[in-house]
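Read off the chains here:
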Amino acid sequence: MFGLETGFGEFFTNYQYPVMIIIGLTLIYLGIAKKMEPLLLVPIGLGVILVNLPWPGEGLMAYEVLNSSTGLLETIPYQDYVQPPYNMAGGEPVGLMSRIFHYGLSWEIMPPLIFLGLGALTDFGPVIANPKTLLLGAGAQFGVYFAMIVAFGLGAAGLGWFDFQMGEAASIGIIGGADGPTTIFVTNRLAPTILGATAVAAYSYMALVPIIQPPIIKLFTSKKQRQIYMKPQLRAVSNREKIIFPLMATIIIILLVPASAPLVGSFMLGNLLLVSGVTDRLSITAGGGFMNVLTILLGVAVGAQMSGFIFLQQKTLGIFALGLVAFMAATAFGVILAQIMNLFSKTKINPMIGAAGVSAVPMASRVVQRMGQKENPRNFLLMHAMGPNIAGVIGTAVAAGVFISMIG
Amino acid sequence: MAEEIIEAPMVGKIIEVMAKVGEKIAEGDVVCTLESMKMENPLVSPIDGTVKEIKVAAGDTVQAGAEIAVIE
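Every chain begins its residue count from 1, and numbering advances along the sequence as written. Lettering for chains starts from A, numbering for ligands starts from 1, and both go in the order in which the items are written. Local features in this predicted model are restricted to residues of pLDDT 70 or higher, and side-chain atom pairs are both shown and tallied only at a pLDDT of 80 or more, whereas totals for entire chains, interfaces and linings draw on every residue. For the side-chain quantities, the full set of heavy atoms in the structure was used; hydrogens and water were omitted.

Trainee: I keep staring at the overall build of chain B and nothing clicks. Help me out?
Mentor: What chain B contains, in helices and strands, is zero helices and eight strands. N-terminal to C-terminal, the α/β element order of chain B is β-β-β-β-β-β-β-β. Throughout, the radius of gyration refers to the C-alpha atoms, and the reference size of a globule is 2.2 Å times the residue count to the power 0.38. Compactness check: chain B gives a C-alpha radius of gyration of 11 Å against a globular reference of 11 Å for 72 residues, within 12% of the reference. Here the C-alpha coordinates of chain B stretch approximately 35 × 20 × 15 Å along the principal axes. Counting the 72 residues in chain B, one finds 38% classified as buried. It only takes one pair of heavy atoms within 4.5 Å for two residues to be counted as in contact. Counted over contacts in chain B with a minimum sequence separation of 6, partners at least 24 positions apart contribute 57%. Only the protein chains shown count as covering a residue, and every accessible area follows the Shrake-Rupley method with a 1.4 Å probe. Entry remark: accessible area of chain B is about 3,700 Å², with carbon and sulfur atoms responsible for 48%. Each helix is a run of DSSP H or I of at least 4 residues and each strand a run of E of at least 2, with the numbering of both proceeding from the N terminus. Using a 1.4 Å probe on the protein chains alone, a residue whose accessible area is under 20% of its type maximum counts as buried, one over 50% counts as exposed, and one in between counts as partly exposed.

Trainee: Honestly, unusual backbone geometry in this entry has me stumped. Any pointers?
Mentor: Most of the time, phi is negative for any residue but glycine, and the peptide bond is trans. Residues and elements named next belong to chain A. Note the cis peptide between Val 361 and Pro 362, where omega equals -10°. Within the secondary structure layout, Pro 362 lies in the loop between helix H20 (314-343) and helix H21 (363-375). Here the phi dihedral of Glu 108 falls at roughly 60°; this positive angle occurs in a residue that is not glycine. Within the secondary structure, Glu 108 is located in the loop between helix H5 (96-106) and helix H6 (110-120). The phi dihedral of Ala 178 is positive, around 55°, even though this residue is not glycine. Relative to the assigned elements, Ala 178 resides in the loop between helix H10 (166-173) and helix H11 (180-190). A relative accessible area of 2% means that Ala 178 is categorised as buried.

Trainee: Would you take a moment to explain helix H12 (residues 195-207) of chain A for this structure?
Mentor: Given 3.6 residues to a turn, an α-helix orients residues that are three or four positions apart in the same direction. The end-to-end C-alpha distance of H12(A), which contains 13 residues, comes to 18 Å, matching closely the 18 Å that a straight helix rising 1.5 Å per residue would cover. Judged by how many residues are buried, H12(A) sits mostly within the fold: 13 of 13 residues are covered. Multiplying one less than the number of residues by 1.5 Å gives the expected span of a helix.

Trainee: Any chance you could explain helix H16 (residues 261-275) of chain A here in plain terms?
Mentor: Residue and element names in this part refer to chain A. Helix length check: H16 (15 residues) gives 20 Å between terminal C-alpha atoms against 21 Å at 1.5 Å per residue, within 8%. By the burial criterion, the buried members of H16 are Leu 263, Val 264, Ser 266, Phe 267, Met 268, Gly 270, Asn 271, Leu 273 and Val 275. The inward-facing, buried residues of H16 contact H6, H11, helix H15 (239-256), helix H17 (280-287) and helix H22 (382-407). Phi turns positive, to about 85°, at Gly 277, one or two residues after H16.

Trainee: Just to check I follow, could you spell out the nonpolar core for this structure?
Mentor: In a soluble, globular protein the nonpolar side chains are often hidden away together inside. To form a nonpolar core, buried Ala, Val, Leu, Ile, Met, Phe, Trp, Tyr and Cys residues must be joined to one another through side-chain atoms within 4.5 Å. Formed by 127 residues in total, the largest nonpolar core has its most connected members in A:Leu105, A:Phe124 and B:Ile68. The residues contacting B:Ile68, other than those within four sequence positions of it, are B:Ile6, B:Glu7, B:Ala8, B:Ile14, B:Cys32, B:Leu43, B:Ile54, B:Lys55, B:Val56 and B:Val62.

Trainee: Even after reading the chapter, I still don't get the side chain of A:Ser283, so can you show me in this structure?
Mentor: By the secondary structure assignment, A:Ser283 is in helix H17. Residue contacts for A:Ser283: discarding those within four places in its chain leaves A:Ala120, A:Leu273 and A:Leu274.

What follows is the structure in structure tokens.
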């Protein structure tokens, strides 16, 4: 009819479209009304809606790709792009979202640049003042590996909901690190088709830190241990130390785990801009407007990955379930490692700060602070928890590098 | 009688001062609220005693280790 066709017919014949619109609206509702990670859930939610309206909405996330059975170039929506007879390699993005996604995420530009901004907002002081806390940040990463092994084991056992390949299992495990950009970085490299699910799972669980962590912390500590008093003052850290730390960390970590270079290198560069004392303009931009721009682009691009035809599978539920396992395991391992450290050390640390080893900064530290003050009103654990918390960011980036070099 | 100085555990902004000079105070009573990292944190008295001196007012920004109040 005059070449004009509305999307209504298509919309109501495939349940995937309306269901995903409801999911998109729910994410936006959670962001606006419940203030759950609004900076991410609002753009992600709208991205979900945009890509789940039949053409031309889907056309925002379209690719021009070779149909291997006809030998012709065709423009198709993303969900078909990953199916035969189309060849996923070599497709050219032609829609706005697919271009942002392709050049920003597939080319691995945005997650490291967000790390640049995070570095410009991070004070390594607590880690430098108490380097022991670096270990706690590493401890939480055991949870990441644990969840990966569970995910892969379930996949190998052939359970339908958990039919995961190695790359998918690693991407799910990394959710336990509670670090959005890192999760996106790893999933994009190892299992791009589940990117929407792992990214949303990671950000959802980060928003739920205050609900998920306390029961686990309590499970692995006694009341007496939770009351352990830590002197409020960390030693003063000199400017020179603050400059040397990101430089040394860059060299050592990248020599150790070369594949972590994009994330760790950017993070440390951002931090160096902050502490150098002569590049304030750059660090203010990196941690401010620049990061906001990237957050918008990353949010819609991740949302646009969630085409109902890909997202609405049993597998997605499996990813959310195992992501939660990963997150809980990371919290538990952080606390357990703190307990083990106490066995060998004269000055006892409050084992709760181990839970901050998941990288959700500063939410995990705040949880520890709240719980600490409740158990012992004199206790002020915030700065002590920031050590493992920041170390957790580095730890998750390193775990990402390990996964990528082992599996990628 | 022993004097106990309450120090700011970390950099932040004083939101509210609850205690008044000369007032009797019990261990665990809130002296003031310190906001740091977008969290309001109560600073409590470590001992039973009397507030001898308060060195901050609401709205002040304090550095880590700054003296907040003296209780004796």
